[in-house]
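Here's the letter readout for the chains.
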Amino acid sequence: MYFLDRSLRHPLALLLLACTACVPGSLKLGEDTDDAASGSASDTGEPTTGEPAPEGVLEWTRTFNDISGFDMAVAGDGSIVVGGMSGYTFNGGDGGMYANLWVGKFDAAGTPLWQVETPIGAEESRSTIAVAVGPDGVVHVLDVDYSVQAGGGNAIRRFAADGEALGSTSLPLRPTVIAAIAGGTIVGGAEITDDAASSWLARLDNEGGVVWEQNLGAPSLLGSNVHAVAVDGDDVIVAGARGVDQGDSKSQAWLARIAVADGATVWERTIEDEVETDIVYDLGLAGDGTILARVRGDQDFVRAFSPAGDELWNQLLTEVRGANIAVASDGSFAMTAGLYLPADDPNSCVAGDGTCPIAMQVVRHDADRSLRWSSTHDECPSGNIAAITPDDRVLVLAGCSKDGLSDAVMGLMMFAP
């Protein structure tokens, strides 16, 4: 779910530095919704009351220059793996370019343990977009080459717990997300052609061999993709968007349960009957198997589902829009995002066009959706990814560039439970 030879090697710039555009306000849950057309279940928890939230306790912050982190995974021992890019060079109002793919590992206190930089070729459009850590400590790094649909730079690289390279595997289709399982990985993405995109999922072993692969949902429609995966015992929960029309990119938010052993579909469902551009951007699992999904469309929701796929509740997010959710074993959850000035504010961005976040906000909700705490910080304006650590703290992967363009500064921030 983000980060010297400063040669201008990489075309990805503002798109990868900035988190999803938001509107001003505090990140909080709004009213419950109960949409009969979408089959939503009745409310099963108490919404927030609108009273001021307790202030979250920031325990430490670590910052790292010339790195942008795009995804983060926390291992069972509390160590932290981040994947992204390094060697950023500002290139004027349009943003900048990166020189290297980058992956690094930190201990539970944010102290660097090792890092690996892989130079990007002059004609390549590669990016490290996701990381996962297996129960054996193997680090899996997902790379995409945006100049091709298959092969080439679309790959999984593997590293031992101490950073030793273990090999890499080219992928036949464009990947989006990865999850680690015992003995391998689950990887999802899309099969993309000029006029269609279908959701794709595969299980690979630790040497990159294909155990099974399949296309999911309606075939040969625009708008289909896998955006999130989460392993639940013998199954994997898969979510994203399912295309609905051959002629346009409208999509329905989509969720499925797939058997890890053979790729068989246990159940599959869409989330809204209305057709817009709805997507499940992120997933998390509670200890009892409850699925929490961050759903984005014209509105922004957190929605809960039973292990069987029945909707339990849905909660409208009324102000800041984000794309990530971290779920603890007890069903509590955390989210983070950036707070933005209005686009027409002359101080909205120091360099270049468009809005830039002015502060980061992190929230922690209990399992009943009541707000446990909220914390706002401007030293790192953009909160990209939140994770719940094994000791129940909230870890945030942040963007600490003040204007979002002229430099790349990665932050790790740890909050008390």
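Residues numbered from 1 in each chain as written. Predicted model: local features only at pLDDT ≥ 70, side-chain atom pairs only at ≥ 80, totals over all residues. Heavy atoms only, no water.

(A) Looking closely at the pairing of strand β26 (residues 333-340). Summarising burial for β26: eight of the eight residues are buried, a large majority. From the end of strand β25 (residues 326-327) to the start of β26, which pair antiparallel, there are five residues, and glycine 331 there has a positive phi angle of about 90°. Taken together, the eight bridges between β26 and strand β27 (residues 357-365) define a ladder with antiparallel strand orientation. Bridge pairing in β27 places tyrosine 340 opposite proline 357. (Buried < 20%, exposed > 50% of the residue type's maximum accessible area, 1.4 Å probe, protein only. Helix = DSSP H or I, 4+ residues; strand = E, 2+ residues; numbered from the N terminus. Pairing = 2+ DSSP bridges.)

(B) Inspection of the confidence of the model for the protein chain at higher detail. Of all residues in the protein chain, 76% have pLDDT values of 70 or greater, and the mean over the chain is 81. Residue range residues 1-49 is modelled with pLDDT below 50. Its contacts to residues more than four positions away, or to other chains, number 172 contacts. (pLDDT = per-residue confidence, 0-100. Contact = heavy atoms within 4.5 Å.)

(C) Geometry of unusual backbone geometry. In this structure, arginine 369 takes a positive phi of about 80° despite not being glycine. Tracing the chain through its elements places arginine 369 in the loop between β27 and β28 (371-377). Since its relative accessible area comes to 0%, arginine 369 is described here as buried. Here the phi dihedral of aspartate 392 falls at roughly 75°; this positive angle occurs in a residue that is not glycine. Inspection of the secondary structure puts aspartate 392 in the loop between β29 (382-388) and β30 (394-399). Residue aspartate 392 is classed as partly exposed on the basis of its relative accessible area, which comes to 25%.

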